[in-house]
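# Residue-level structure breakdown
Spelled out from the first residue to the last, the chains are:
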Amino acid sequence: MSRPQPDSSPHCLEFHDVTVAYGRRPVLWNIDLTVDGPGLFGIIGPNGAGKSTLLKAALGLVPLAGGSVQFFGQPLRAVRTRVGYVPQRETVDWDFPVSVFDVVLMGTYARLGWFRRPGPRERELARDCLARVGLADVANRQIGRLSGGQQQRVFLARALAQQADLYFLDEPMAGVDARSQEQIFAVLSALRAAGKLIVVVHHDLRSASEWFDRVALVDMRLIATGPAAEVLTPENLQRTYAGPLDVLDELGRAVARRERTP
Amino acid sequence: MTGPFPLPYNTLVVAGGMAAVGCAAGVVGCLGVLRRRSLAADAASHATLAGVALALAATGRRELPVLLAGGLLTAIGSLVVLVMLRRFTRTREDAATAIVLGVSFGLGITLLSGMTARGIPGSAGLEQFLLGQTAALTAADAMLLGCLSVAAVTLVWVGLKEVVLVAFDAPFAAASGWPVFAIDTALVALLAVMVVVGLPAAGAVLVTALLVIPPSAARQWTDRVATMLVLSGAFGLTAALVGVAISAAVPRLATGPVMVLAAAAIFAASFFLAPKRGVWARWRQQRELQQEWSRAGRDPTQAPTKAAGRSGP
Amino acid sequence: MNILNLLGGLAGMHLWAIATAAVVAAGCAVVGTLLVVRRMSLLGDAISHAVLPGIVVAVLLGGRPGGLWVLVGAVVAALLTVWLTQVLHEGVGMSEDAGAGVVFTTLFALGVVLITLAASRIDLDPSCVLYGILELVPFDTLLLGGVEVPRAFLTAGLVFLCLLGGVTLLWKEFLASAFDPAAAAAAGLPVAGLTTGLLAATALATVAGFEAVGAILVVAMLVVPAAAAELLVHRLHLVMGVAIALGVLGGIVGYLAAWQFNTSAAGMIAVVLGIEYALAVLFAPGHGILARAWAAAGLAWRVACEDRLAVQWRAEEGGERAAEAGVLNRLVCLWLRVSGRIAADGRLLPLGQTEAMLIVRSHRLWEAWLGRHAELPLDHLHPPAEWIEHHLGSEVRRRIAADVGQPAGDPHGRTIPPEG
């Protein structure tokens, strides 16, 4: 359910009847979700539930089979510089010849635009972001020589350098040691205190209720959304984990093959 | 001998042009290796033969620019086919590349052989595009190729930040609003152009080696993209010059294989000698670490303070 | 006419060349199927280039082209390639693609240089290395049982029989390792050994094809028939069978076309194989381009017919007449009238009634299911049900009805028609 807005300002993030398909096979069915900031918002659900897909669909990385996503009341392309992104770590080649500092500097590229090189202001910003995640001392190290937690913090610093109002993080705590997790959470809390909205795809149910103000429970469709304590009830979890996924599976296959289900 | 130089003007210009080509191949090849598009370049290079033959058949002209223009058309055509195979069939990437490579080369051979059999003038000379022969280049040709190479390197320098961003983390680039597909296409087009530019020197079969071996060698010496580009250009330039020189001294040797062997020699040297990543350096690091640990075993207060190698994931 | 005379005459020369091409293609198809299925096509590319120095060195040391030592030299070169690629991968962290690219181009260049420098002692021509001399194969013969048999045909034939034998003996192992190498290794299969065997087999197939079609076009014979077969059939033994058939067909048609157009047989064979692949892409049942277009059209037609019936049913439920508009609508109505589903004035006949009821039942059941399991506002339930209604069958409907508690009405309060 969407919270009623006290004034008529647009929602930070709005999914409107979003359906996403891989090939012809739907993996997300008719998602209707509104998120307002500031705050830490979690997208929770089982593996393969489509949480990352929802994020990628919002960012235009996978095409929408139906529906639309609005940011601050506008399409993404109008407000790109207000949206930051921390993708999953698997997509990157860690042998790539770039240093930690180079990676963080990449966060400033979008505001620079085509063909302009980063200047002293951008470098200052990158140094500052590195300091905020506690990696100032490894700035010149090649990225392959970092631990998992350090790599995640580099990506976070890069997102900070984007100077956005709305941040998307895709499973930032996966494979990260406990100390790095706390450091990352501290940075996110600071962002929240500064008035930003942070939307996080999170894999772990137990930590979800501690970290997030509000959550959305997703498993191929939106099951429930609201304050973490209200949503993460045993009844809702039952609906998620013991849900009627076989129906959706059968339907997905039938749609992909252009047939009826049995 | 004419003028102050010990070599004739023609040879100097050809050498200079080929040096530029080798350098550009190394530089552009770096981006191809980083973005993992080298195999697509291999398919494109095998397709150039058909284009060269078609250009001769269609226009009857043997000038290098005409032939290379034909080669570029089929090179780009083969890349388009590759993309379409990926989109519209279930055939996997590696098989699709091999199909485009083999069939387009077969088409080229068919055209070449058919034209030679019919005695079409100039068709016998097309054979040199298989393995390269710089001795057949005129000064004008070499200057054209050199200028194209300089233009290619300039383009790389201008668009470097965009290409590195996309090569390193394409999803992040896309989410930030960069047109990843357009940048990728531009890079692949530049690779195709470099393949065609390198065609007279190294031949269709081996030109991609000039796009792959110098960058791989350069990677051994540095962890920064800019340095890698400079080194790769230098290695490519050296390999090209060695190829031209040896091929001029032993005329029956095709230039392509010699350039590739020169590049491979540089790679082998880098493989063994490079600091930090080279085989010898690693062996030394291992020995030092072993010595430190065995010393620590005898005296625990002397524990090693620096870690060797990587502590990555 | 005496068959021996026929074989000895000019036509016989062509027949032998065709037979050699066919046997080479068959051998390559056997190996190529396994390469393609295991996503090792580019290793096939690499090995077909890298065997060149092995062949040259073998010939320099006294072996005959096509003889046993050449086969040995080729296999050694292939194994060297793989070993060097591994060394680069483990030694300096180069990706396998990049490492293989460095290794095989270097070896190929080495081979060409050796041939050129030793030209006086070898009768291999560098450009022939690239595209073979199929036309000259029938002139280098051995006397076998009173018949002059081309040596290349014998070599290719022996290689084919060995390959077929080896694959048949180890069929289960190859099948398991192709499908899931990790699981196979965990189950104790010698996956590494099988892979090495496959690479050696690739080297043998390359050498067998060397004189016929040269190094590079061997790649086409390895990969293209298998890739085309993969589009047409789906069990491994069928894929291999179809690949062999396509390869042999390509060899025969390619040679004849080259004869007709007076051009290189090897090149023409590759082109013909490419055409076979293109035809497979177009005409493959199920996933071919035409099949998919047909299925899409079929779905669009079915949806249009079902929508018309459902509209009519809802109109009759609400007591109104449904409007008709558009060309497609008229075609659909024509078909529905002809097939006895609607009457001339547009009202539903019993057959159409039953079908329409099931569509509307599917629609409203899906709205009920969504209402129960997803957080969606009331006005968002209709659009998804609009297209799901065409994909729900009786079994899944039954499960949905049971899950939602056999409701009488959808979330909007409208009655859900009964099943059947």
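Predicted model only: the values in this text are computed from it and were never measured.

The next subject is the overall build of chain C. Counting its secondary structure elements, chain C contains 17 helices and two strands. Computed over its C-alpha atoms, the radius of gyration of chain C comes to 31 Å, more than 25% above the 22 Å expected for a compact globule of 420 residues. Taken over 420 residues, chain C has a buried fraction of 50%. When contacts within chain C are restricted to residue pairs at least 6 apart in sequence, those whose partners lie at least 24 apart make up 68%.

Here we come to the overall build of chain B. Within chain B, the secondary structure is distributed over 12 helices and zero strands. Element order for chain B, N to C, with α for helix and β for strand: α-α-α-α-α-α-α-α-α-α-α-α. The principal-axis extent of the C-alpha atoms belonging to chain B is close to 85 × 60 × 35 Å. Burial status across chain B gives 55% buried among its 313 residues. Partitioning the intrachain contacts of chain B with sequence separation of at least 6 by distance along the chain shows that 72% fall at a separation of at least 24.

Turning our eyes to something else, we now look at helix 12 (residues 265-283) of chain C. Taking 1.5 Å per residue, 19 residues should reach 27 Å; helix 12 of chain C reaches 27 Å between its end C-alpha atoms and fits that length. Extensive coverage of helix 12 of chain C is indicated by the burial of 14 of its 19 residues.

On to the domain arrangement of chain C. Examined at the domain level, chain C breaks down into domain 1 (3-284) and domain 2 (291-404). For domain 1 of chain C and domain 2 of chain C, the distance between their C-alpha centres works out to 56 Å.

Here the focus is the interface of chain C and chain B. Each partner contributes to the interface: chain C provides 47 residues, whereas chain B provides 46 residues. Counting residues per element, the ones that place at least two in the side of chain C that touches chain B are helix 3 (41-60), helix 4 (68-92), helix 5 (96-117), helix 6 (126-131), helix 10 (191-232) and helix 12 of chain C. If you tally residues by element for the side of chain C that touches chain B, the top one is helix 5 of chain C, at 11 residues. Counted by class, the side of chain C that touches chain B contains 30 nonpolar, 14 polar and three charged residues.

Take the interface of chain A and chain C next. Listed per partner, the contact involves 21 residues of chain A and 22 residues of chain C. Breaking the side of chain A that touches chain C down by element, the ones donating at least two residues are strand 2 (25-35), strand 9 (222-227) and helix 10 (245-256) of chain A. With five residues, helix 10 of chain A is the single largest residue contributor to the side of chain A that touches chain C. Tallied by class, residues from the side of chain A that touches chain C come to 10 nonpolar, four polar and seven charged.

We now examine the environment of F168 of chain A. Residue and element names in this part refer to chain A. With respect to the helices and strands, F168 occurs in strand 6 (residues 166-170). Expressed as a C-alpha distance, the spacing of F168 and L232, which sit 64 residues apart in the sequence, is 21 Å. Among residues more than four places away in sequence, those in contact with F168 are L55, L59, V83, Y85, V86 and V199.

Attention shifts here to the sheet that holds strand 6 of chain A. Residue and element names in this part refer to chain A. With respect to topology, six strands assemble into an open sheet ordered 5-6-7-3-8-9, the strand pairing being mixed. This sheet does not close on itself; its edge strands, each paired only once, are strand 5 (83-86) and strand 9. Ignoring which end each strand starts from, the neighbouring axes of this sheet average 15 degrees apart. Pairing geometry for strand 8 (residues 214-218) and strand 9, over five bridges, is antiparallel. When the bridges of strand 9 are listed, R214 appears paired with P227.

All names here are of chain A. Burial runs high along strand 6: five of the five residues are buried. Burial of the side chains of strand 6 extends over both faces: L166, F168 and D170 are buried on one face and Y167 and L169 on the other. Bridge count between strand 5 and strand 6: four bridges; the pairing is parallel. Looking across to strand 6, one finds that V86 is bridged to L169. Sheet topology places strand 6 next to strand 7 (residues 197-202); five bridges connect them, and they run parallel.

Taken as a class, soluble globular proteins show a tendency for nonpolar side chains to be buried jointly. If you look at the biggest cluster of nonpolar residues, it comprises 324 residues, and the most contacted ones within it are A263 of chain B together with L204 and L217 of chain C. The element contributing the most residues to this core is helix 10 of chain C, with 28 residues. Looking at which domains feed residues into this core, each of domain 1 (3-284) and domain 2 (291-404) of chain C gives three or more. Leaving out residues up to four positions away in the same chain, L204 of chain C has contacts with L71, A74, V75, V159 and L163 of chain C. One finds W313, I342, L348 and M357 of chain C within the second-largest nonpolar core, a separate group that totals 13 residues.

Here we come to the sheet that holds strand 4 (residues 66-71) of chain A. Strand pairing in a sheet relies on backbone hydrogen bonds, with the paired strands running either antiparallel or parallel. Residues and elements named next belong to chain A. The three strands lie next to each other as 2-1-4, forming an open sheet whose pairing is antiparallel. The open sheet has two edge strands with one neighbour each: strand 2 and strand 4. In this sheet, neighbouring strand axes are inclined to one another by 25 degrees on average, regardless of whether the strands run parallel or antiparallel. The sheet contact formed by strand 1 (residues 13-22) and strand 2 spans seven bridges and is antiparallel. Each bridged residue has a counterpart across the sheet, and for V18 the counterpart in strand 2 is I31. This element, helix 1 (residues 51-58), spans strand 1, strand 2 and strand 4 of the sheet and lies at about 70 degrees to strand 2.

Attention now moves to the packing of helix 9 (residues 199-219) of chain B against helix 10 (residues 225-249) of chain B. Between two packed helices, what matters for the description is the angle formed by their axes and the separation of those axes. Residues and elements named next belong to chain B. Helix 10 packs onto helix 9 with a crossing angle of 140 degrees between their chain directions and a minimal axis gap of 8 Å. What the angle tells us is that helix 9 and helix 10 run oblique. Helix 10 is crossed by helix 9, and the crossing has right-handed handedness. Across from A201, L210, P214, P215, A217, A218 and R219 in helix 9, the residues of helix 10 making contact are M228, L231, S232, F235, G236, A239 and A240. Across the contact of helix 9 with helix 10, the residue classes break down as 11 nonpolar, two polar and one charged.

All names here are of chain C. In this sheet, strand 2 (residues 147-150) lies alongside strand 1 (residues 141-144) in antiparallel orientation, the contact comprising four bridges. Opposite T141, over in strand 2, you have P150 as the bridge partner. Taking the residues that link successive antiparallel strands as the turn, the strand 1-strand 2 hairpin has two residues, and the phi of G145 there is positive, at about 60 degrees.

This part covers unusual backbone geometry. Most peptide bonds take the trans form, and the phi angle of most residues other than glycine is negative. Residues and elements named next belong to chain A. Not every positive phi belongs to a glycine, and F72 is a case in point at roughly 55 degrees. By the secondary structure assignment, F72 is in the loop between strand 4 and strand 5. Assessed through the 19 C-beta atoms surrounding it within 10 Å, F72 is described here as partly exposed.

Further remarks concern the environment of M18 of chain B. Residue and element names in this part refer to chain B. Examined against the element boundaries, M18 turns out to sit in helix 1 (residues 9-34). Separated by 220 residues in the primary sequence, M18 and T238 place their C-alpha atoms 9.8 Å from one another. Those residues in contact with M18 that sit more than four places away from it in its chain are T134, A142, A201, A240, L241 and V244.

The next thing to look at is helix 14 (residues 327-338) of chain C. The end-to-end C-alpha distance of helix 14 of chain C is 17 Å, a good match for the 16 Å that 12 residues give at a rise of 1.5 Å each. Following helix 14 of chain C by one or two positions, G340 of chain C adopts a phi angle in the positive range, close to 75 degrees.

This paragraph deals with the packing of helix 8 (residues 180-197) of chain B against helix 9 of chain B. Residues and elements named next belong to chain B. It is at 7 Å that the axes of helix 8 and helix 9 come closest, and there the two elements cross at 135 degrees. As summarised for this structure, helix 8 and helix 9 are arranged oblique, according to the angle between their axes. Along the contact surface, helix 8 presents L191, M194, V195 and V196, while helix 9 presents L199, V207, T208 and L211. Looking at side-chain class alone, the contact of helix 8 with helix 9 contains seven nonpolar, one polar and no charged residues.

Once that is clear, we can look at the confidence of the model for chain C. Summarising the model, chain C shows a mean pLDDT of 86, and 96% of its residues fall at 70 or more. For this predicted complex, the interface confidence reaches an ipTM of 0.89, while the overall pTM sits at 0.88.

Interpretation of the predicted coordinates at a detailed level should be avoided for regions scoring low in pLDDT. With 93% of its residues at a pLDDT of at least 70, chain B reaches an overall mean of 90. Here residues 306-313 of chain B is modelled with pLDDT under 50, and outside its nearest four sequence neighbours on either side it reaches 14 contacts, counting other chains as well.

Criteria and thresholds
- Residues numbered from 1 in each chain as written.
- Chains lettered and ligands numbered in written order.
- Predicted model: local features only at pLDDT ≥ 70, side-chain atom pairs only at ≥ 80, totals over all residues.
- Helix = DSSP H or I, 4+ residues; strand = E, 2+ residues; numbered from the N terminus.
- Rg over C-alpha atoms; globule rule 2.2 N^0.38 Å.
- Buried ≥ 20, exposed ≤ 12 C-beta atoms within 10 Å, placed from the backbone.
- Contact = placed C-beta atoms within 7 Å.
- Expected span 1.5 Å × (residues − 1).
- Domains from an automatic or database assignment.
- Nonpolar A, V, L, I, M, F, W, Y, C, P; charged D, E, K, R; others polar.
- Pairing = 2+ DSSP bridges.
- Axes fitted to C-alpha atoms, helices over the stretch in contact; angles between N-to-C directions.
- Core = buried A, V, L, I, M, F, W, Y, C linked by C-beta atoms within 7 Å.
- Parallel < 35°, antiparallel > 145°, perpendicular 65-115°, else oblique.
- Left-handed = near helix turned anticlockwise from the far one by under 90°.
- pLDDT = per-residue confidence, 0-100.

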